[in-house]
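Commentary on secondary and tertiary structure
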There are 2 protein chains.
Amino acid sequence: MSDTAFAPAYFEKNRAAILESWFELLRLPTVGTDPRHLGDCARAAAWLKIFLKPLGFEVEILTPGSGIPVPVLVAERPGAKKDGTTVLFYGHYDVQPEDPLSGWQTPPFEPTLINERVYARGAQDNKGQVFAFLQGVRSLIEAGEDLPTLKIVLEGQEESGSSALNDLAPILRQRLRADVMMVSDTSCGPDNRPSIVAGLRGVQHFTVTLTGPAYDLHSGVHGGVAPNPAQGLASLLASLHNADGAIAVAGFCDRVHPPTDEERALARQGALTLEQYTQEIGCPPAGGAQALDAVSRGSFEPTIEINGMHAGYGGPGSKTVIPSSAVAKLSMRLVPNQRPEETFAAVQKHLADRCPPGMTLALSEVCVGAPGFRLPLNSPIFRLAADVLQQMDTRGALFRWEGASIPVVAMLQHLSGAAPLLVGFGREEDKIHCPNESYGIDQFVRGMTWTTLMLKALA
Amino acid sequence: MSDTAFAPAYFEKNRAAILESWFELLRLPTVGTDPRHLGDCARAAAWLKIFLKPLGFEVEILTPGSGIPVPVLVAERPGAKKDGTTVLFYGHYDVQPEDPLSGWQTPPFEPTLINERVYARGAQDNKGQVFAFLQGVRSLIEAGEDLPTLKIVLEGQEESGSSALNDLAPILRQRLRADVMMVSDTSCGPDNRPSIVAGLRGVQHFTVTLTGPAYDLHSGVHGGVAPNPAQGLASLLASLHNADGAIAVAGFCDRVHPPTDEERALARQGALTLEQYTQEIGCPPAGGAQALDAVSRGSFEPTIEINGMHAGYGGPGSKTVIPSSAVAKLSMRLVPNQRPEETFAAVQKHLADRCPPGMTLALSEVCVGAPGFRLPLNSPIFRLAADVLQQMDTRGALFRWEGASIPVVAMLQHLSGAAPLLVGFGREEDKIHCPNESYGIDQFVRGMTWTTLMLKALA
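Residues numbered from 1 in each chain as written. Chains lettered and ligands numbered in written order. Predicted model: local features only at pLDDT ≥ 70, side-chain atom pairs only at ≥ 80, totals over all residues.

A count of helices and strands for chain A gives 12 helices and 18 strands. Here the C-alpha atoms of chain A give a radius of gyration of 23 Å, agreeing with the 23 Å that 2.2 N^0.38 yields for 459 residues. Once the C-alpha set of chain A is aligned to its principal axes, its extents read approximately 80 × 50 × 45 Å. Put simply, chain A has 459 residues, and 57% of those count as buried. (Helix = DSSP H or I, 4+ residues; strand = E, 2+ residues; numbered from the N terminus. Rg over C-alpha atoms; globule rule 2.2 N^0.38 Å. Buried ≥ 20, exposed ≤ 12 C-beta atoms within 10 Å, placed from the backbone.)

Turning next to the interface of chain A and chain B. Contacts between the two partners involve 82 residues from chain A and, on the opposite side, 82 residues from chain B. In terms of residue count, the dominant contributor to the side of chain A that touches chain B is strand 11 (residues 303-312) of chain A (9 residues). In this sheet, strand 11 (residues 303-312) of chain B lies alongside strand 11 of chain A in antiparallel orientation, the contact comprising 5 bridges. In the strand pairing of strand 11 of chain B, G312 of chain A is matched with G308 of chain B. (Contact = placed C-beta atoms within 7 Å. Pairing = 2+ DSSP bridges.)

Moving on, we come to the packing of helix 1 (residues 3-27) of chain A against helix 3 (residues 127-142) of chain A. Residue and element names in this part refer to chain A. Viewed as axis vectors pointing N to C, helix 1 and helix 3 meet at an angle of 135°, and their least axial separation amounts to 10 Å. Considered as vectors, helix 1 and helix 3 are oriented oblique to each other. In this structure, helix 1 meets helix 3 at a crossing whose hand is right-handed. Within the contact between the two elements, helix 1 uses A7, Y10, I18, W22, L25 and L26 and helix 3 uses K127, F131, Q135, G136 and S139. The residue inventory of the contact of helix 1 with helix 3, partitioned by class, reads 7 nonpolar, 3 polar and 1 charged. (Axes fitted to C-alpha atoms, helices over the stretch in contact; angles between N-to-C directions. Parallel < 35°, antiparallel > 145°, perpendicular 65-115°, else oblique. Left-handed = near helix turned anticlockwise from the far one by under 90°. Nonpolar A, V, L, I, M, F, W, Y, C, P; charged D, E, K, R; others polar.)

What follows deals with the sheet that holds strand 18 (residues 438-440) of chain B. All names here are of chain B. The antiparallel open sheet is built from 3 strands, whose spatial order is 4-5-18. In this open sheet, the two edge strands, each paired with only one partner strand, are strand 4 (112-114) and strand 18. Within the sheet, the average angular offset between the axes of one strand and its neighbour, ignoring direction, is 25°. Looking at chain direction, strand 4 and strand 5 (residues 117-119) are connected through 3 bridges and run antiparallel. Each residue of the ladder has a partner; that of I114, found in strand 5, is R117.

For the pair chain A and chain B, the superposition axis carries a translation of 0.1 Å, the fit reaches an RMSD of 0.1 Å, and the rotation angle comes to 180°. Considering both components of the superposition, the chain copies are consistent with a two-fold axis. A high fraction, 100%, of the interface residues of chain A reappear at the interface in chain B, so the copies pair face to face through one surface. (Least-squares fit on C-alpha atoms with pLDDT ≥ 70 in both.)

This next bit is on the domain arrangement of chain A. One widely used convention gives an interface's size as the accessible area the parts lose upon coming together. Residues and elements named next belong to chain A. Entries for chain A in the domain assignment read domain 1 (3-200 + 373-458) and domain 2 (202-256 + 302-370). Contributions of two or more residues to the side of domain 1 that touches domain 2 are made by strand 15 (373-374) and helix 11 (407-416). With 3 residues, helix 11 is the single largest residue contributor to the side of domain 1 that touches domain 2. Split into classes, the residues belonging to the side of domain 1 that touches domain 2 amount to 4 nonpolar, 4 polar and 1 charged. (Domains from an automatic or database assignment.)

Turning next to helix 12 (residues 441-458) of chain A. Over its 18 residues, helix 12 of chain A extends 26 Å from the first C-alpha to the last, a length consistent with the 26 Å expected when each residue adds 1.5 Å. Counted residue by residue, helix 12 of chain A has 14 buried out of 18 residues, so it is predominantly covered. (Expected span 1.5 Å × (residues − 1).)

What follows concerns unusual backbone geometry. Most peptide bonds take the trans form, and the phi angle of most residues other than glycine is negative. Residues and elements named next belong to chain A. Residue P100 is reached from D99 by a cis peptide bond, and omega for that bond is -5°. Locating P100 in the fold gives a position in the loop between strand 3 (86-92) and strand 4 (112-114). Of note in the backbone geometry, N192 takes a positive phi value of approximately 65° without being a glycine. Looking at the element boundaries, N192 is found in the loop between strand 7 (180-183) and strand 8 (195-200).

The subject of this paragraph is the packing of helix 10 (residues 380-392) of chain B against helix 12 (residues 441-458) of chain B. All names here are of chain B. Closest axis-to-axis distance for the helix 10/helix 12 pair is 10 Å, and the angle between their directions is 135°. Judged by the inter-axis angle, helix 10 sits oblique to helix 12. As for how helix 10 packs across helix 12, the hand of that crossing is right-handed. Taken together, the residues of helix 12 that come into contact with helix 10 (itself represented by L384, A385, V388, Q391 and M392) are R446, T449, W450, L453, M454 and A457. Its residues placed into classes, the contact of helix 10 with helix 12 shows 8 nonpolar, 2 polar and 1 charged.

With that out of the way, let us pick up the nonpolar core. M181, A234 and L237 of chain A together with M181, A234 and L237 of chain B are the most contacted members of the largest nonpolar core, which totals 263 residues. Excluding anything up to four places from it in sequence, M181 of chain B contacts L88, Y90, L412, Q413, S416, A418, A419, P420 and L421 of chain B. (Core = buried A, V, L, I, M, F, W, Y, C linked by C-beta atoms within 7 Å.)

Side chains on a regular strand alternate between the two faces of the sheet. Residues and elements named next belong to chain B. Strand 16 (residues 398-402) sits mainly inside the fold: 5 of its 5 residues count as buried. Side chains L398, R400 and E402 of strand 16 all project onto a buried face; the interleaved residues F399 and W401 project onto the opposite face, where all are buried too. Pairing geometry for strand 8 (residues 195-200) and strand 16, over 5 bridges, is parallel. Within the sheet, the bridge partner assigned to L200 lies in strand 16 and is E402.

With that settled, consider the confidence of the model for chain A. In this model, chain A carries an average pLDDT of 95, and 100% of its residues clear a pLDDT of 70 or more. Both scores are given for the predicted complex: the pTM is 0.80, the ipTM 0.81. (pLDDT = per-residue confidence, 0-100.)

This brings us to the sheet that holds strand 13 (residues 325-334) of chain B. Spatially, 8 strands are ordered 14(A)-9(A)-13(A)-11(A)-11(B)-13(B)-9(B)-14(B) in an open sheet, and the strand pairing comes out antiparallel. Looking at the sheet topology across the chains shown, the edges are occupied by strand 14 (360-370) of chain A together with strand 14 (360-370) of chain B. Each adjacent strand pair in this sheet contributes to an overall mean axis angle of 20°, direction not counted. Strand contacts of helix 9 (residues 340-353) of chain A: strand 9 (202-211), strand 11, strand 13 (325-334) and strand 14 of chain A, with the helix running at about 165° to strand 14 of chain A, the strand carrying the most contacts.

Residue and element names in this part refer to chain A. By the secondary structure assignment, T106 is in the loop between strand 3 and strand 4. The class for T106 is partly exposed, based on 15 C-beta atoms found within 10 Å. Through-space distance from the C-alpha of T106 to that of V72 is 29 Å; in sequence the pair is 34 residues apart. When sequence neighbours within four positions are dropped, the list of residues in contact with T106 reads T112 and Y119.

Here it is as structure tokens:
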């Protein structure tokens, strides 16, 4: 059997058991941002420990002394060679909230197989991709293959700031030393072409509340007299961008480095056309600074996005009130060289300077977050990975600079000293973070194949 | 017994029965804008018919052939003199939605008496004020007093555009002919001083929806690429006003007539000071065009207010999405001479001209509404009403130009040929349209007193 056929064959032989295990993991509603799901997160960590122990891993479940104790799982399995390569695998078992529930066609935490796709919150991001890695490891161990030393970190707060893992970082520094850090939390290129992520944006986020009257007012009696927080918030949020879509916050973009010509050219290879994008998303790529092309905007430029905005009446018909307050959820994506403390301070100052008269501005749920990064294209690990992906797909790998963030990657890179290797098998149709998230069986098997080939290459 | 002591004495004697009846009416959740409450509206109309029949009224409950059939009650009782004055009383039994329910300290539809105030949705607006009028009429009839010819119109869609009454208007023209139109849906001046409303603003409202992606997107993957409807809507809403708070919609204010010096001076008499306002409302009167004083803004200027604004995530923590769509509820207050069709068209054009690229704008739940009006201060009916109010309060009546709207008043004025007489006994602390709406027993009794004195003066 060829190396590339090994994982698919293993999957076919064990399909029922693998799906059963995967579904067990997906049934746990591990919304790490919501304290009500703390128990589900603990159950997921325990479930993963039980999966890893029989494979020869030493497994420990850690929680920090402060904050919400969403557990972090740390596992290690010695390699065949005494001084061989050490591979650190990072993944997360937490998921985005299932909201809006009404958008789901199947229950978000009851995985459902339809046309060889598994529908569930977390089916792809990141439980599906993590579980493909774990099954890849298991298949190699069952086949008696030599493996490199494997270290695994699985956390439950990737979607909400990785606070437990950040708190634990100092005591994990020695234990996580590694040569390569594998992460499967990214996507393929167009036409399902494998891709290596050479850069990610950082992320930071917060909630802003603008308060005016002590209670909702009659908008006839008070209209034109009382300040309207909905109106004030709309103005504040509108002020974050210029008319051409460019970020208008002073100082926010000061440290942004443009990409090299090679990076820009390679990024274009992996991009959807305008027609493909419009077809996929339902609208043209008309967001962001219109002076730049869409690929540059998504790969190499920072953003400030409104993720939520709520004030006053939202039911049927009309209710003529001036709402007492208005709330928005904002997140910023950062590119390499931008410093999260600086960009957050710039946005904070921008808002404070423009707080409308008569109203009070408050920031809460602040996550200053982590910076983005870009990796050198000609590193040995990238060359090895490109070879492996060429075996899987004769077209070879694309390099991509994803707009999304895995904030913890920059932190773990720093902590472990390892070279990050981000290869994932997501697709746009997976609809991660949205209702009806799903992951294809074919994508799952490709993840397993990648895992087996790469670990053998590193052994 | 003096004329002014008659109604208070009647109330004290019949207190338990009056409260019981009033509470029955308040228990019906007559949210006229919500089709789920159609049955409650029909029950309220039936309840009012049963109240009026024994008093000698011919009562008919009408519904138009089209639209939501929220019933309109029309009643008539011949006066003592054959060619005497005909008084038309207008009121509404519908109420604003109780939302947000969490803000209520007692159930909104279970009236609760605390410290001589009745807490319930509609306790004041308008069931409380209507019921004070009806009890005033009843007390006079029981005392055998001569009355003018009385016509009563009670509708269930005042808060949502009066569509049934507007539809029925053509067939009601003859039946509603009158000399004076009494309405009790307004407030006293500061320090509880009685006031005659010499002007009201008109109102129009609609819902605007901005749609971008076909589904909520990951704001990392798509940030800076996909258009963000929350951001687009914030910009659209912000564009409605200039930085100084003045309306920025071209053509919207073209027909606005400034008030006379006398009107402006009288309006100031009835105004709260900045300190009183800030104390009452919890923030300074910092809304509207800052080039004008607060009294002018609230009495004589139009507004465009955001009553609601909703997009994306609003739960705890963060969810990094680009929402698929964003919705706002807007209402405009109009001053005399502005034409609702023109102002609506101006706002519609303003929004359409600025629809952000890649997104779709839709207007729905449109109520083009009714114009505002201002009445001449030296009319005979105003002089008579001022005399009556002087009997009730030696300070005499204030004239007020309220910022709120009773859109149907302009329509009924036109239909009936009657001179509008708007005297109500609301106060800011009643919190109409808000959680914990209430009405004081003293205010209710003053409404009864006003009714008995004025109807005797008109008999």
